[in-house]
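# Examination of the molecular architecture
What follows is each chain in one-letter form.
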Amino acid sequence: MSVSGYVGPKRAQMGKVNTNVHLAAREIDINDVRDRMYLQAVASDYNGDAANAWQNFRRVGEVRYSVARSAHIAGYANLRAVKVDAQGEILLEKASGVEAEIVGGITSRFGGQRGLIERYYMLMKVPAQGFLAAVRDKPDGIRDGYWFLSASEIGTEGDPARSAKRGEPQLWKMRRFAAANGETGVFENRIDGKDFLGRVWVPDPESVEDPFSPMQAIKSMCDQLIDLRDSISARLRSRFAHAGILLIPNEMNDAAITGDKPRDGLYSTDKVMNYLIHVMTTNVTNFAQGLAAMPIAMKGPAAVLDKVRHVIQEATIADTDLKLRAELIEGILMALDQQKQAVSGGENTNHWGMWAVSDEERRITVQPDLDAMCHALTRLVLWPQLQERKRKDGDIMQW
């Protein structure tokens, strides 16, 4: 490992770089026919897994919060150029020189180095793959950092073999917008072959070229959680929108109202019902007026007045719904390798316990992904740039 990421101070003691990572990185030359065809194949969401992952990331607050929270923790990492032996032991850290210059340039115009790291982390947790490209300040301008693209930003239209032979740039679908004619348009940027660096992904245990996203395991749980919340929301809204049933006996034949009277048959052919509905709707729409605070006056036989009833529908949230909701959230966090106490708060955990949870979250949840990111940046950025500077392969592999 040559680019080392760690959470902590800028300077760190010599240690060991983890070379056993769970991420794959592959260089892609978009001017090569086979590589261009490979890019089109891996960037296409043939079964909708990536689209479902992004949808659940946006729809389920606990998913968005847990992934974004870990990404923010990962963003505290600093990148440094180090020389390692075959076992990954750090022999030398370069604070200046070519290697340090290359690593220092691994940043982004979209949030700096922190923005680049957080972007990588989210991509590995949601669709489990991304594509690294160099970004320029303008066409044919100087490099202005790097960025990880999602598969949905990769243009896969057209014949990849023909595009490669013609040396056509790769389309980067940067932003969707509404066009003047009412159709949906896409603002596109173009990435030349020299700036499209490669692909990084978490290999699927069954098919190594497929991305293995933890979001696949929680799809059904997210659907259940959303359905449960919709059901609870419908019951709560029903309580306010349909505020019970007002039972009026047929013997009621008159009602007195204040303000403007409705015309006959406006709401009902029955005079009493017509008056009552008019008063109630007026009070709702003009709640700030003093007349809205006045009671509705009705008259009729005493025996009949006692039969006027207001029936409230039961709209409570069952304990089983709350328990199911808690179980679903816990299962989602577990599938995302998140510490429950760190995300939801430790109600029955002391300060030492929360410190242990926080430390475990960093070591188990965040650090392995940072090691994998360093592996990818080493292969896709540091080594190729050292090769451009005519470094020998034996020297390059040590960094």
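Note that the structure is predicted; figures quoted are calculated from it, not measured. Numbering of residues starts from 1 in each chain and follows the order in which that chain's sequence is written. Only residues with pLDDT of at least 70 get local features here, since the model is predicted, and only at 80 or more are side-chain atom pairs given and counted; chain-wide, interface and lining totals rely on the full set of residues. Just so you know, side-chain values use all the structure's heavy atoms and leave hydrogens and water out.

## Side note on the packing of aromatic side chains
What describes a pair of aromatic rings is the distance from one ring centre to the other and the angle between the planes of the rings. The test is simple: Any two of the Phe, Tyr and Trp rings considered here, Trp counted by its six-membered ring, make a pair once their centres fall within 6.5 Å; the pair's planes then place it as stacked at under 30 degrees, edge-to-face at over 60, or tilted in between. We count a stretch as a helix when DSSP gives it H or I for four or more residues in a row; a strand needs E for two or more, and each element gets its number in order from the N terminus. Accessible area is worked out with a 1.4 Å probe on protein chains only. A residue is then buried under 20% of its type maximum, exposed over 50%, and partly exposed in between.
Applying the stated criterion to the full structure yields 5 aromatic pairs. Between Trp 54 and Phe 57, the ring centres sit 5.7 Å apart and the planes meet at 90°, which makes this aromatic pair edge-to-face. With Trp 54 and Phe 57 both in helix H2 (residues 49–59) and 3 residues apart, this pair spans about one turn of that helix. Of the two residues, Trp 54 and Phe 57, neither departs from the other in class, the shared state being buried. Between Phe 131 and Phe 196, the ring centres sit 6.4 Å apart and the planes meet at 35°, which makes this aromatic pair tilted. Of the two residues, Phe 131 sits in strand S5 (residues 129–136) while Phe 196 sits in strand S9 (residues 196–201), which places them 65 residues apart along the sequence.

## Topic: the pairing of strand S3 (residues 77–84)
Selection rule: The criterion for strand pairing is that DSSP finds at least two bridges linking the strands in question.
Most of S3 sits out of view: 7 of its 8 residues are buried. The antiparallel hairpin formed by S3 and strand S4 (residues 90–94) contains 5 residues in its connecting segment, where Gly 88 sits at a positive phi of about 90°.

## Here we look at the sheet that holds S9
Convention followed: Each axis is a line fitted through C-alpha atoms, taken for helices only over the stretch in contact, and angles between the N-to-C directions span 0 to 180 degrees. Any two residues whose heavy atoms approach within 4.5 Å are treated as being in contact.
Across the sheet, which stays open at both edges, the 4 strands sit in the order S2-S9-S5-S6 with antiparallel pairing between neighbours. Only two strands of the sheet have a single partner each, and these edge strands are strand S2 (24–27) and strand S6 (143–149). Neighbouring strand axes in the sheet, compared pairwise and without regard to direction, differ in orientation by 20° on average. Relative to S9, S5 runs antiparallel, the two sharing 5 bridges. In the sheet register, Leu 132 faces S9, and the bridge partner there is Gly 198. Sheet strands in contact with helix H1 (residues 33–43) are S2, S5 and S9, and its direction is about 125° off that of S5. Each of S5, S6 and S9 is contacted by helix H5 (residues 112–125), which is oriented at about 15° to S6, the strand it contacts most.

## Topic: the environment of Val 311
Take Val 311: it is sitting in strand S13 (residues 309–311). Residue Val 311 is classed as partly exposed on the basis of its relative accessible area, which comes to 30%. Between the C-alpha atom of Val 311 and that of Gly 244, which follows or precedes it by 67 residues, the distance is 5.2 Å. In contact with Val 311, other than residues within four places in its own chain, are Gly 244, Ile 245 and Leu 247.

## Considering H1
Heads up, the rule is: By definition, the arc is the one covered by directions from the helix axis to the C-beta atoms. Here a polar contact means two N or O atoms within 3.5 Å. Within protein one must be a hydrogen donor candidate and the other an acceptor candidate, and residues neighboring in sequence count only if both atoms are side-chain atoms.
Of all the residues in H1, the buried ones are Asp 35, Arg 36, Tyr 38, Leu 39, Val 42 and Ala 43. The buried residues of H1 occupy one face: seen down the axis, they fall within an arc of 160°. Between the side-chain oxygen of the N-cap and the backbone nitrogen of Arg 34 there are 3.1 Å, and the N-cap of H1 in question is Asp 32.

## Re unusual backbone geometry
Here the phi dihedral of Ala 128 falls at roughly 70°; this positive angle occurs in a residue that is not glycine. Counting through the fold element by element, Ala 128 comes out in the loop between H5 and S5. Judged by relative accessible area, which is 0%, Ala 128 ranks as buried.

## Remarks on a nonpolar patch on the surface
What counts, and what does not: Patch membership is restricted to residues that have no salt bridge and whose relative accessible area is over 30%. Joining uses 9 Å for like charges and 5 Å for the nonpolar side chains Val, Leu, Ile, Met, Phe, Trp and Tyr. Working definition of accessibility: Shrake-Rupley area with a 1.4 Å probe, residue cover restricted to the visible protein chains. Think of a salt bridge as a Lys or Arg side-chain nitrogen and an Asp or Glu carboxyl oxygen that are within 4 Å of each other.
On the surface, a nonpolar cluster with roughly 260 Å² of combined accessible area is contributed by Phe 110, Met 174 and Phe 187. The exposure class of Met 174 is partly exposed, given its relative accessible area of 31%.

## Considering the pairing of S4
Pairing of S3 with S4 involves 4 bridges; the strand directions are antiparallel. Each residue of the ladder has a partner; that of Ala 81, found in S4, is Lys 94.

## A word on the nonpolar core
Condition: The set of buried Ala, Val, Leu, Ile, Met, Phe, Trp, Tyr and Cys residues whose side-chain atoms join them within 4.5 Å is what this entry labels a nonpolar core.
Counting residues in hydrophobic clusters, the biggest one holds 73 residues, and the most contacted among them are Val 63 and Phe 131. Among the elements that take part in this core, helix H12 (residues 351–388) stands out by supplying 12 residues, more than any other. Among all residues touching Val 63, those that are not within four sequence positions of it are Asn 56, Phe 57, Met 215, Ile 218, Cys 222, Ile 332 and Leu 336. Ranked by size, the runner-up nonpolar core spans 5 residues in total, among them Ile 248, Val 272, Leu 276 and Val 304.

## A closer look at the pattern of salt bridges
A complete count under the given rule lists 16 salt bridges for this structure. Taking the shortest distance from any N to any O, the salt bridge between Asp 35 and Arg 26 comes out at 3.2 Å. The partner of Asp 144 in a salt bridge is Arg 109, and the shortest N-O contact between them spans 3.7 Å. You can see Asp 144 sitting in strand S6 and its partner Arg 109 sitting in the loop between helix H4 (98–104) and H5, a full 35 residues away along the chain. Residue class for Asp 144 comes out partly exposed when judged on its relative accessible area of 31%.

## What to know about the confidence of the model for the protein
Quick note on the threshold: Confidence of the predictor at the level of single residues is given by pLDDT, which spans 0 to 100.
Chain-level statistics for the protein give a pLDDT mean of 80 and a share of 81% at 70 or above. Confidence, read as mean pLDDT per element, is least for strand S1 (residues 3–7) in the protein (39) and greatest for H5 (94). For residues 1–14, every residue scores under 50 in pLDDT, and the model assigns this stretch 60 contacts once sequence neighbours within four places are set aside.

## As for helix H8 (residues 271–285)
This is how the line gets drawn: Any helix carries an expected span of 1.5 Å times its number of residues minus one.
Between its first and last C-alpha atoms H8 spans 21 Å; for 15 residues at 1.5 Å apiece the expected length is 21 Å, and the two agree. Taken together, the buried positions of H8 are occupied by Val 272, Asn 274, Tyr 275, Leu 276, His 278 and Val 279. Taking the backbone nitrogen of Val 272 as reference, a side-chain oxygen 3.1 Å away marks Asp 270 as the first, capping residue of H8.

## A closer look at the environment of Val 304
Position of Val 304 relative to the elements: it lies in helix H9 (residues 302–305). Here Val 304 falls in the buried class, since its relative accessible area comes to 10%. Spatially, the C-alpha atom of Val 304 lies 9.0 Å from that of Ile 248, the residues being 56 residues apart in sequence. Among all residues touching Val 304, those that are not within four sequence positions of it are Pro 249, Glu 251 and Met 252.

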